[in-house]
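What follows is the residue order along each chain.
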Amino acid sequence: MTTPQTTPRPPAVAGLLLAAGGGRRLGGRPKALLTHRGRPLVEHAVEVLRSAGCRPVHVVLGAQADTVRRRAELGGCVLVDNPEWEQGMGTSLRAGLASLTGTDAAAVLVSLVDQPGIGPEAVRRVLAAHRGGASLVAAAYAGVRGHPVLFGAAHWAGVAAAATGDQGARAYLREHAAALTLVECGDVARPYDIDTEADLVHLE
């Protein structure tokens, strides 16, 4: 009697969505709750990660977190509260990475809630460059590094230690540029941010 061969499952790559911002330049409207294609922007961003194959998806909430929970359908996500969100994106990145401790994720792909022009295809390209726990990968647009960014588990402690203010992982990525793989995504995504009233024209 022969034992059927089973194909080993690839290591899990978690999705980490940073969605804690308060929208200071948008009159204090949390970016997670802006409407895009008929639903809260945070729902759209979660669906992008899921469609591309990220499992599980962790979502860091901050500004009006209770309201986001009520209004957005985030079933199946791990919701992470960041009480220090006003201190900048670095605190959300640290909170999100801490929430992955003890999971089986071999890497995490980090995306931002206010970039709806970046869809599943760009995420898939970055995921395809994952090679293990030491992987460090970022999307690029006309050769310029952007989001999403993938961090193998070997980088998490260093990223968390370096994440301060609104810089997030920028300093860490600069210091480890030689190890960073850039994946061009300019033909399939637009990396604009929704930061000001003028940027709202990008929402549908």
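As the structure is a prediction and not an experimental result, all values here were calculated from the model.

**Q** An account of the pairing of strand β8 (residues 144-152) is needed here, citing residue identities and associated values.
**A** With four bridges joining them, strand β6 (residues 105-112) and β8 adopt antiparallel strand pairing. Counted as the bridge partner of Ala-107 is Gly-152 from β8. Pairing analysis gives five bridges linking strand β7 (residues 136-141) to β8, with the strands arranged antiparallel. Note on β8: the bridge partner recorded for Leu-136 is Phe-151.

**Q** Now, about the pairing of strand β1 (residues 12-19): what can you tell me, with residues and values included?
**A** With eight of eight residues buried, β1 is to be regarded as a mostly interior element. Of the two faces of β1, the one lined by Ala-12, Ala-14, Leu-16 and Leu-18 and the one lined by Val-13, Gly-15, Leu-17 and Ala-19 are each fully buried. Pairing between β1 and β6: seven bridges, direction parallel. By the bridge assignment for β6, Ala-12 is matched with Ala-105.

**Q** Give me the nonpolar core: which residues, what numbers.
**A** Formed by 42 residues in total, the largest nonpolar core has its most connected members in Leu-17, Val-42 and Val-59. For this core, the secondary-structure elements that each account for two or more residues are β1, α1 (41-52), β4 (57-61), α2 (65-71), β6, α4 (120-128) and β7. For this core, the element with the highest residue contribution is α1, accounting for seven residues. With sequence-adjacent residues up to four places away left out, Val-42 is seen in contact with Leu-17, Ala-19, Ala-32, Val-59, Val-68, Ala-72, Leu-74 and Val-113. Grouped together as the second largest cluster of nonpolar side chains are 25 residues, Leu-18, Leu-97, Val-110 and Leu-136 included.

Cut-offs and rules
- Residues numbered from 1 in each chain as written.
- Predicted model: local features only at pLDDT ≥ 70, side-chain atom pairs only at ≥ 80, totals over all residues.
- Heavy atoms only, no water.
- Pairing = 2+ DSSP bridges.
- Helix = DSSP H or I, 4+ residues; strand = E, 2+ residues; numbered from the N terminus.
- Buried < 20%, exposed > 50% of the residue type's maximum accessible area, 1.4 Å probe, protein only.
- Core = buried A, V, L, I, M, F, W, Y, C linked by side-chain atoms within 4.5 Å.
- Contact = heavy atoms within 4.5 Å.

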